[in-house]
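# Examining the three-dimensional arrangement
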Amino acid sequence: MGFARTCSVALVGVDGVVVEVQADLEPGVAAFTLVGLPDKSLTESKDRVRAAVVNSGGEWPQKKLTVGLSPASVPKGGSGFDLAIACAALGASERIDPRVLADIVMIGELGLDGRVRPVRGVLPAVLAAAEAGYEQVVVPESAAAEASLVPGVSVLGVRSLRQLIAVLTDEPVPDEDPDEQGRTDPLAGLRMPGTGTATGMHSMGASHYDHDHEHDLADVVGQLSARTAVEVAAAGGHHLFLEGPPGAGKTMLAERLPAILPRLGRSESLEVTAVHSVAGLLPPGKPLVDVAPYCAPHHSATMQALVGGGQGVARPGAVSLAHRGVLFLDETPEFSSRALDALRQPLESGHVVIARSAGVVRFPARFLMVLAANPCPCGRFSQRDALCECSPSTIRRYQARLSGPLLDRVDLRVEVDRVTRSQLTGRGAPGETTRTVADRVREARERAAARLTDTPWRTNSEVPGRELRSRWYASPGAMDDAERSLERGVLTARGLDRVLRVAWTVADLAGRDRPGVADVTLALQLRTGVPRGVPMAIGASR
């Protein structure tokens, strides 16, 4: 009887669970049994592993082989266990010394010819292995750079099972051609159906302003109020609602928002990279996502596409793909009400909890939400002219598609006006560039971070209202107008807290130590969308 064990990782959302892969050989009729709650794709690994071992020059044991995945109570799926199963079987047949395999974590899919193919979720899998105390990890060669992002772990990238066997047995390592076309293993097949660019459910990494020449704020004509709201949203992480007619520039502003966000820190980059790795959306040659992601799903997206889910193992949705970045919902009233109301939980908590029969999955979802909507179905409704042909009841029904509880969670609400002929054809000075605004946003974020040192929060939008009211006060009398709005029912209690958060962001952008009357008034104007006679140009006031 032969026995060997090695380790792999099962992913539950973006969290990994180290799984011990045990192989036992007994005399009897040749058979291959896999136990431990495997799904269909994992059950099929029996045929893949057998063919890979034989085509790699190994001898498949003609005995009763039982492979157990422990802990058996954790559901396991995917093809990432192939490499560990093959090595455990070879260890049980004494082709590899079982003692060498015991402390190694192996992640990778096997082709029938023995090639080691990439799989989703390498980064969170290696993170889980490191947290469990393992120091050696074997991954596909194309995923070695991603696995190397985890400190304290020795990563071995292999191109084939034949190479791995040679390394583990101290034999000469054979050379393996990348493939017939001279390329490394392609990442094709890693994307989940429904997460491609055709559906809008993709994560478009926002380029930093140093090399993003296609999305510059200077291209936006006019729209001073909307530009100010975008700057405040970026500086404090506040959600934004842009309402205006078609062609006014709502999408242009949303596309330029990620470029003024600061670069992600190390821990934030690992969080975002882990989500994108599980979704199979990491761009080739860029294992670490260090810029704010941008996700713009189509208005036909389902609730599962927005918040995550799907059949079988739950997959991250748009809110998780936009983690630490921007989620842009264009034509927001056209989304289903169930999908929009499902956004309430992540907007408040910063994560999504999805319950399925196979277990509960938690995905991170702390994003900056930008809503864009027309004032009516035809888009021409305005107080200034009579171009709209929609009936009042139609306009009310259209605007009512955005529920009050959802809009109450939006800090900034701005009306985007039509661009006039003089603005479009004028030769005046262009607006501020992305670089200028991004520098000011970065300075404001640094002030907020310094103020919030030794707290779990880093931006003004994250600070709970009770902490703002008890630790960080506005100037005396600055909140009087906002408190009167609360008494009149214009603001809710949540809305009052959000006005104070926005006021702190405005003060950070202007370089003031605490919000004054002008800061709170501007925050109240941005919150309610009602003009209050204060200038909207934060940058021009410095």
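Residues numbered from 1 in each chain as written. Predicted model: local features only at pLDDT ≥ 70, side-chain atom pairs only at ≥ 80, totals over all residues. Heavy atoms only, no water.

### With respect to the overall build of the chain
Regarding its fold elements, the chain presents 22 helices and 17 strands. In the chain, the proportion of contacts linking residues at least 24 apart, taken out of those at least 6 apart, comes to 72%. For the chain, the accessible area works out to roughly 24,100 Å², and carbon and sulfur atoms hold 50% of it. (Helix = DSSP H or I, 4+ residues; strand = E, 2+ residues; numbered from the N terminus. Contact = heavy atoms within 4.5 Å. Areas by Shrake-Rupley, 256 points an atom, 1.4 Å probe, with all protein chains shown as cover.)

### As for the nonpolar core
By size, the foremost hydrophobic cluster in this structure holds 55 residues, and its most contacted members are L240 and V370. Ranked by residue count, the leading element in this core is helix 21 (residues 493-510), at eight residues. Apart from residues no more than four positions distant in its own chain, L240 is found in contact with A229, V230, A233, M369, V370, L371, V410, L412 and V414. Counting residues in each nonpolar core, the second largest holds 38 residues, with F32, L42, L65 and I85 among its members. (Core = buried A, V, L, I, M, F, W, Y, C linked by side-chain atoms within 4.5 Å. Buried < 20%, exposed > 50% of the residue type's maximum accessible area, 1.4 Å probe, protein only.)

### Some thoughts on the packing of aromatic side chains
Pairs of aromatic rings are described using the distance from one ring centre to the other and the angle between the two planes. The tally for this structure, following the rule as stated, stands at one aromatic pair. Geometrically, the ring pair formed by F32 and W60 is tilted, given 5.5 Å between the ring centres and 40 degrees between the ring planes. Taken together, the residues span a long stretch of sequence, with F32 in strand 3 (residues 31-35) and W60 in the loop between helix 2 (45-55) and strand 4 (64-70) at a distance of 28 residues. The two residues F32 and W60 agree in class, both being buried. (Phe/Tyr/Trp six-rings, centres within 6.5 Å; stacked < 30°, edge-to-face > 60°.)

### Things to note about the pattern of salt bridges
Inspection of the entire model under this criterion finds 32 salt bridges. Between R527 and D408 there is a salt bridge, and its shortest N-O distance comes to 2.7 Å. Here R527, found in helix 22 (residues 517-528), pairs with D408, found in helix 16 (residues 404-408); they are 119 residues apart in sequence, far enough to count as distant. Summarising the burial analysis for this pair, R527 and D408 share the class buried. We note a salt bridge from E446 to R442, for which the minimum N-O separation is 3.9 Å. One end of the pair, E446, and the other, R442, are both in helix 18 (residues 434-451), four residues apart, so they sit about a helical turn from each other. On the basis of relative accessible area, R442 is assigned to the partly exposed category, the value being 33%. The structure contains a network of salt bridges with shared partners spanning E348, D408, R409, D411, R494, R498 and R527. (Salt bridge = Lys/Arg side-chain N within 4 Å of Asp/Glu carboxyl O.)

### Considerations on the side chain of E243
Turning to its location among the elements, E243 is positioned in strand 11 (residues 240-243). E243 sits in the buried class, given a relative accessible area of 16%. E243 has contacts with K250, A373, N374, P375, Q399, R413, V414, E415 and V416, leaving out every residue within four places of it along the chain.

### Description of the pairing of strand 3
Across the two faces of strand 3 the burial differs, with F32 and L34 buried and A31, T33 and V35 not buried at all. Relative to strand 4, strand 3 runs parallel, the two sharing five bridges. For L34, the partnering residue across the bridge sits in strand 4 and is V67. (Pairing = 2+ DSSP bridges.)

### A few points about the confidence of the model for the chain
The pLDDT averaged across the chain works out to 86; a share of 90% of its residues lies at or above 70. Across the chain, strand 5 (residues 104-106) holds the top mean pLDDT of 97, while strand 10 (residues 204-205) sits lowest at 42. For the stretch residues 180-211, pLDDT sits under 50, and the model shows 77 contacts to residues farther than four places along the chain or on other chains. (pLDDT = per-residue confidence, 0-100.)

### Comments concerning the packing of helix 21 against helix 22
It is the contact of helix 21 with helix 22, at a shortest axis distance of 8 Å, that shows an interaxial angle of 125 degrees. Relative to helix 22, the element helix 21 is oriented oblique. The crossing of helix 21 and helix 22 is right-handed. Together, G495, R498, V499, V502, A503, V506 and A507 of helix 21 and D519, V520, L522, A523, L524, L526 and R527 of helix 22 make up the contact between the two elements. Considered class by class, the residues forming the contact of helix 21 with helix 22 number 10 nonpolar, one polar and three charged. (Axes fitted to C-alpha atoms, helices over the stretch in contact; angles between N-to-C directions. Parallel < 35°, antiparallel > 145°, perpendicular 65-115°, else oblique. Left-handed = near helix turned anticlockwise from the far one by under 90°. Nonpolar A, V, L, I, M, F, W, Y, C, P; charged D, E, K, R; others polar.)

### With respect to the environment of P375
Summarising the element assignment, P375 is placed in the loop between strand 16 (368-373) and helix 15 (392-399). Of the residues examined, P375 reaches a relative accessible area of 7% and is grouped as buried. Every residue in contact with P375, bar those within four places of it in the chain, is listed here: E243, G244, P245, F381, I395, Y398 and Q399.

### Quick notes on the side chain of T273
Its location among the elements puts T273 in helix 10 (residues 266-279). Residues contacting T273, with those up to four places away along its chain left out, are L123, L149, L282, P287, L288 and V289.

### Digging into the environment of K250
Tracing the backbone shows K250 in helix 9 (residues 250-260). Each C-alpha atom, one on K250 and one on Q223, is 9.6 Å from the other, the two residues being 27 residues apart in sequence.

### Side note on helix 9
The element helix 9 is largely enclosed, with a buried count of eight among its 11 residues. Looking at helix 9, one finds that the buried residues are K250, L253, A254, R256, L257, P258, A259 and I260.

### Concerning unusual backbone geometry
The omega torsion of the bond from S70 to P71 falls at 10 degrees, within 30 degrees of zero and hence cis. Within the secondary structure layout, P71 lies in the loop between strand 4 and helix 3 (82-92). Here the phi dihedral of D170 falls at roughly 60 degrees; this positive angle occurs in a residue that is not glycine. Note that D170 resides in the loop between helix 7 (161-168) and strand 10. Given the relative accessible area of 74%, D170 is considered exposed. Unlike most non-glycine residues, D454 shows phi in positive territory, near 65 degrees. With respect to the helices and strands, the residue D454 is situated in the loop between helix 18 and helix 19 (465-471).

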